[in-house]
Amino acid sequence: MNQIESARGQRCHEILGMTISLLSAVIIASSRTTSTANADAYFLHMQAYLNDIKHLFPEYKLRSNHHMALHLHEYLRLFGPVHAWWTFPFERIIGMLQRTPHNSKIGELEQTIAQSYT
């Protein structure tokens, strides 16, 4: 194996490690049960993932969602499993309402929403 292949293999290995950190964090965060240890493990995996992004892709600009992801472990500790308090279903409905043509006709809006659920 030459030096270029070795460097490429090392980078692929580092990217794999970064991906595993992210997957581990997502699995822990979306688990139906949680504990202080799980919340702490989530935080460590998310920190490793973000540090790896900065190391492997220095030109990439982290977003506010990356910062917010670091706070999720606090919510896991305070409120328990994410499934008990996440807002995705409400955000989905709001998104459907925003995309629904309504022209100030409430009856048609209700009918369109009802059809979305069937």
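Just so it is clear, the model here is predicted, and its values are computed rather than measured.

### Structural notes on the layout of surface pockets
Gaps left between atoms are located by rolling a probe of water-molecule size over the structure's atoms.
Turning to step 1, where the next piece is worked out: Considered as a void within the structure, the largest pocket measures approximately 330 Å³ in volume.
Turning to step 2, where the next piece is worked out: Considering the residues around the largest pocket, the lining is formed by Leu22, Met46, Asn65, His66, Met68, Ala69, His71, Leu72, Tyr75, Val82, Trp85 and Trp86.
Turning to step 3, where the next piece is worked out: Take the lining of the largest pocket: its biggest share by element is seven residues, from helix H3 (residues 64-79).
Turning to step 4, where the next piece is worked out: Partitioned by chemical class, the residues of the lining of the largest pocket number nine nonpolar, three polar and no charged.

### Quick notes on helix H2 (residues 36-56)
Turning to step 1, where the next piece is worked out: With 21 residues, H2 should cover 30 Å at 1.5 Å per step; its first-to-last C-alpha distance of 30 Å lies within 8% of that length.
Turning to step 2, where the next piece is worked out: For H2, the complete set of buried residues consists of Ala39, Tyr42, Met46, Tyr49, Leu50, Ile53 and Leu56. Considered in projection along H2, the buried side chains sweep an arc of 140 degrees and stay on one side of the axis. H2 presents Ala37, Leu44 and His55 as exposed residues on the side facing more than 90 degrees away from its buried surface.

### Details of the environment of Ala69
Turning to step 1, where the next piece is worked out: Examined against the element boundaries, Ala69 turns out to sit in helix H3.
Turning to step 2, where the next piece is worked out: With a relative accessible area of 16%, Ala69 lands in the buried category.
Turning to step 3, where the next piece is worked out: It is 9.8 Å that separates the C-alpha atoms of Ala69 and Leu50, two residues lying 19 residues apart in sequence.
Turning to step 4, where the next piece is worked out: Setting aside chain neighbours within four positions, we find Ala69 in contact with Tyr42 and Met46.

### A few points about the packing of aromatic side chains
Turning to step 1, where the next piece is worked out: Using the criterion set out here, one finds one aromatic pair in the structure.
Turning to step 2, where the next piece is worked out: Aromatic side chains Tyr75 and Phe79 sit 6.2 Å apart centroid to centroid with 20 degrees between the ring planes, which places their arrangement in the stacked category. In this pair, Tyr75 and Phe79 are both assigned in helix H3, four residues apart and thus about one turn of the helix distant.
Turning to step 3, where the next piece is worked out: Sitting above the plane of the Phe57 ring, Arg11 keeps its charged end 5.1 Å from the centroid.

So, how was this worked out
Residue positions are given per chain, counted from 1 along the sequence in the order it is written. With the structure being a predicted model, the display of local features is reserved for residues of pLDDT at least 70 and the display and counting of side-chain atom pairs for 80 or more, all residues being used for whole-chain, interface and lining totals. Neither water nor hydrogens contribute to the side-chain values; these are computed over all heavy atoms in the structure. Residues are called lining when one of their atoms sits within 4 Å of a cavity or pocket point, these points coming from a 1 Å grid over the protein atoms alone, where a cavity is a set in which a 1.4 Å probe fits but cannot get out and a pocket is an open set with protein on both sides within 12 Å along at least five of seven lines. Grid points are joined across faces, edges and corners, and a volume is the space filled by probe spheres set on the points. Each helix is a run of H or I in the DSSP string that is no shorter than four residues. Each strand is a run of E no shorter than two, and both are numbered from the N terminus. Here the term charged refers only to Asp, Glu, Lys and Arg, the term nonpolar to Ala, Val, Leu, Ile, Met, Phe, Trp, Tyr, Cys and Pro, and the term polar to all other amino acids, Gly among them. A helix is expected to span 1.5 Å multiplied by its residue count minus one. Each residue is assigned to one of three classes by its accessible area relative to the maximum for its type, calculated with a 1.4 Å probe on protein chains only: buried under 20%, partly exposed between the two thresholds, exposed over 50%. Directions from the helix axis toward the C-beta atoms define the arc. Residue contacts follow a heavy-atom distance rule, with two residues in contact if any of their heavy atoms lie within 4.5 Å. Here the aromatic set is Phe, Tyr and Trp, taking the six-membered ring for Trp, and pairing holds for ring centres within 6.5 Å; pairs whose planes are under 30 degrees apart are stacked, those over 60 apart are edge-to-face, and all others are tilted. Note on geometry: a ring has a charge over it if NZ (lysine) or CZ (arginine) is within 6 Å of the ring centre and within 35 degrees of the ring normal.

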